[in-house]
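# Residue-level structure breakdown
What follows is the residue order along each chain.
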Amino acid sequence: VQLQAYGGGLVQAGGSLRLSCAASGRTFSGNVMGWFRQAPGKEREFVAAIRWSAGTTYYADSVKGRFTISRDNAKNTVYLQMSSLKPEDTAVYYCAAALRIIVSMIRVPTSYNYWGQGTQVTVSS
């Protein structure tokens, strides 16, 4: 399984960006795709996740109402639409895939089996 994340960049506070994560090498029916982020000096934290088949979504409280996760089954791609960005959203964003996961573990990075290379998002004030 390979995950390719892209779409990061520099944006002003209040702006928007859309991240994409293209998956190859395996079908993801019944699995979960997630987005995490890691700022300098901080631990990797959960941002959002989506169940591939059902489309059920999960969000961190810090991004709820501002970020939207979605997927395109035909393209094997997951998106993270980020709006009303804040300087504290600055981080490297990673996409990840979990083969088997229970709801209580969706926010835990070690629950995920595969990781993309990360894409930098910088929000200026």
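Heads up: the structure comes first, above all this text.
The following paragraphs examine the structure supplied in this document. (Residues numbered from 1 in each chain as written. Predicted model: local features only at pLDDT ≥ 70, side-chain atom pairs only at ≥ 80, totals over all residues. Heavy atoms only, no water.)

The next point concerns the pattern of salt bridges. What the rule picks out here adds up to 4 salt bridges. A salt bridge links Asp 61 to Lys 64; its shortest N-O distance comes to 3.3 Å. You'll find Asp 61 and Lys 64 in the same group, each marked exposed. Arg 66 serves as the salt-bridge partner of Asp 89, at 2.8 Å between the closest nitrogen and oxygen. Of the two residues, Asp 89 is situated in the loop between strand S8 (77-82) and strand S9 (91-98) and Arg 66 in the loop between strand S6 (57-59) and strand S7 (67-72); the sequence distance between them amounts to 23 residues. Per residue, the accessibility class of Asp 89 equals that of Arg 66, and both read buried. It is possible to trace a salt-bridge network through shared partners that takes in Arg 37, Glu 45, Arg 66 and Asp 89. (Salt bridge = Lys/Arg side-chain N within 4 Å of Asp/Glu carboxyl O. Buried < 20%, exposed > 50% of the residue type's maximum accessible area, 1.4 Å probe, protein only. Helix = DSSP H or I, 4+ residues; strand = E, 2+ residues; numbered from the N terminus.)

For the rest of this paragraph, the subject is the state of the cysteines. Working definition of a disulfide: a covalent bond connecting the sulfur atoms of two cysteines. One pass over the full model with this rule turns up 1 disulfide. The disulfide that involves Cys 21 links it to Cys 95, with 2.1 Å between the sulfurs. Since a negative S-S torsion denotes a left-handed disulfide, the Cys 21-Cys 95 link at about 60 degrees is right-handed. One end of the pair, Cys 21, is in strand S3 (residues 17-24); the other, Cys 95, is in strand S9, and 74 residues separate them in sequence. Of the residues examined, Cys 21 reaches a relative accessible area of 0% and is grouped as buried. Given the relative accessible area of 1%, Cys 95 is considered buried. (Disulfide = S-S within 2.5 Å.)

Worth remembering: the numbers are spatial, not functional.
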